[in-house]
Amino acid sequence: MILAIFAMSLDLLQGVTGLVSLGHAAYFGLAGYALAFLTPPDTPIALWWSLPLAAAGAGLAALVIGFFVVRTHGIYFIMVTMAFAQMVFYLFFDNKALGGSDGIYVNFRPDATAVGLDLDNKTHFYYFTLVVLIAVYLFLRRVLFSPFGRVLAGIRVNEHRLRAVGYGSFGYKLAAFTLAGTLAGVAGYLWAAQTGFVNPELMGFHMSAHAIMMVILGGMGNFAGAIVGAFTFEYVLHLAKDLTKHWQLLMGGFIVLVVIVAPRGLLGLADKFL
């Protein structure tokens, strides 16, 4: 469910706006690190303010990086997003004060007693994550069918025509980039709270590539596809790892098969038969 939130945040960029980012994991990891740094060594931190703060920090990073990257287009946009993400990755990887390559432990899960939850209880954490997943999905669906979402879709279809009728695409793309980074931060915060550990790999290229695969597998542009893709990707990944040490071959074959059989994703395949 956490990775489904992450995949939906990328789908806002990739599926709705048509911006393929290879550095989206940077905001996922930054929020996780924010929780690790904010949590005191001897007591849990309050959920009600640490979650918004971590997500806002990820969104601020996306705003700053997005100010530069959304000026580019096509392959240049892809490469610049990856370059910025690698800069963030090595900032943490090479800096012992930030945990270095070993990462940092999150000693306590956030304190959610203010909303009647004990996140140390797995059942409570499960249903809290489920509520966040549903809330993010409903929010993004509302965004998709709002005037703002229609402009983002217009950017994907034909940005030049959209600008010709008077819309400034730069501001809309920057807003989408920032919002996507903020929601990725929500997922990263939950990941850190759930695992109790963060390391630079959360910001790496592989994490961003996994999110892209989830979006493609499920079907781009409607957010439900991102959820389906995240669950499918994780299930097949764990199944392949259990079957053989050459699990990458199985994963690659599965992804190629889905792309050939269902070019609109698994959700598109279901719509075709239903």
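Residues numbered from 1 in each chain as written. Predicted model: local features only at pLDDT ≥ 70, side-chain atom pairs only at ≥ 80, totals over all residues. Heavy atoms only, no water.

K.L.:
Before we go on, may I ask you to explain helix 6 (residues 147-164) in this structure?
P.N.:
Structurally, the α-helix is built with 3.6 residues per turn, so residues lying three or four positions apart point the same way. If you check helix 6, its first and last C-alpha atoms are just 17 Å apart, much less than what 18 residues at 1.5 Å a residue would give, namely 26 Å. Elements that come into contact with the buried residues of helix 6 comprise helix 1 (2-17), helix 5 (122-144) and helix 7 (169-195). Gly 166 lies just past helix 6 and shows a positive phi near 110°. (Helix = DSSP H or I, 4+ residues; strand = E, 2+ residues; numbered from the N terminus. Expected span 1.5 Å × (residues − 1). Contact = heavy atoms within 4.5 Å.)

K.L.:
What is the right way to read helix 3 (residues 47-69) from this model?
P.N.:
The terminal C-alpha atoms of helix 3, which comprises 23 residues, lie 32 Å apart, in line with the 33 Å expected from a rise of 1.5 Å per residue. Along helix 3, the residues classified as buried are Leu 47, Ser 50, Leu 51, Ala 54, Ala 55, Ala 58, Gly 59, Ala 61, Ala 62, Ile 65, Gly 66 and Val 69. Elements in contact with the buried residues of helix 3: helix 2 (25-38), helix 4 (74-93), helix 5 and helix 7. (Buried < 20%, exposed > 50% of the residue type's maximum accessible area, 1.4 Å probe, protein only.)

K.L.:
Teacher, can you tell me more about the packing of helix 1 against helix 9 (residues 224-243) here?
P.N.:
The description of two helices packed together rests on the angle between their axes and the distance between the axes. Relative orientation of the contacting elements helix 1 and helix 9 amounts to 135°, with a least axis distance of 8 Å. Classed by the angle they form, the pair helix 1 and helix 9 counts as oblique. Between helix 1 and helix 9 lies a crossing whose hand is right-handed. Contacts between helix 1 and helix 9 pair Leu 3, Ala 4, Ala 7, Met 8 and Asp 11 from the former with Ala 226, Ile 227, Ala 230, Phe 231 and Glu 234 from the latter. Among the residues forming the contact of helix 1 with helix 9, the class breakdown is eight nonpolar, no polar and two charged. (Axes fitted to C-alpha atoms, helices over the stretch in contact; angles between N-to-C directions. Parallel < 35°, antiparallel > 145°, perpendicular 65-115°, else oblique. Left-handed = near helix turned anticlockwise from the far one by under 90°. Nonpolar A, V, L, I, M, F, W, Y, C, P; charged D, E, K, R; others polar.)

K.L.:
Just to check I follow, could you spell out the packing of aromatic side chains for this structure?
P.N.:
Pairs of aromatic rings are described using the distance from one ring centre to the other and the angle between the two planes. This model, assessed by the stated rule, comprises 16 aromatic pairs. Their ring planes at 80° and their centres at 6.0 Å tell us that Phe 67 and Phe 170 sit as a pair that is edge-to-face. Here Phe 67, found in helix 3, pairs with Phe 170, found in helix 7; they are 103 residues apart in sequence, far enough to count as distant. Here Phe 170 falls in the partly exposed class, since its relative accessible area comes to 29%. Aromatic rings pair up to connect Phe 67, Phe 68, Phe 84 and Phe 170 into one cluster. The ring of Phe 67 has Arg 71 lying over it, and the distance from NZ or CZ to the ring centre is 4.4 Å. The positively charged end of Arg 109 is found above the aromatic ring belonging to Phe 125, 4.8 Å away from the centroid. (Phe/Tyr/Trp six-rings, centres within 6.5 Å; stacked < 30°, edge-to-face > 60°. Lys NZ or Arg CZ within 6 Å of the ring centre and 35° of its normal.)

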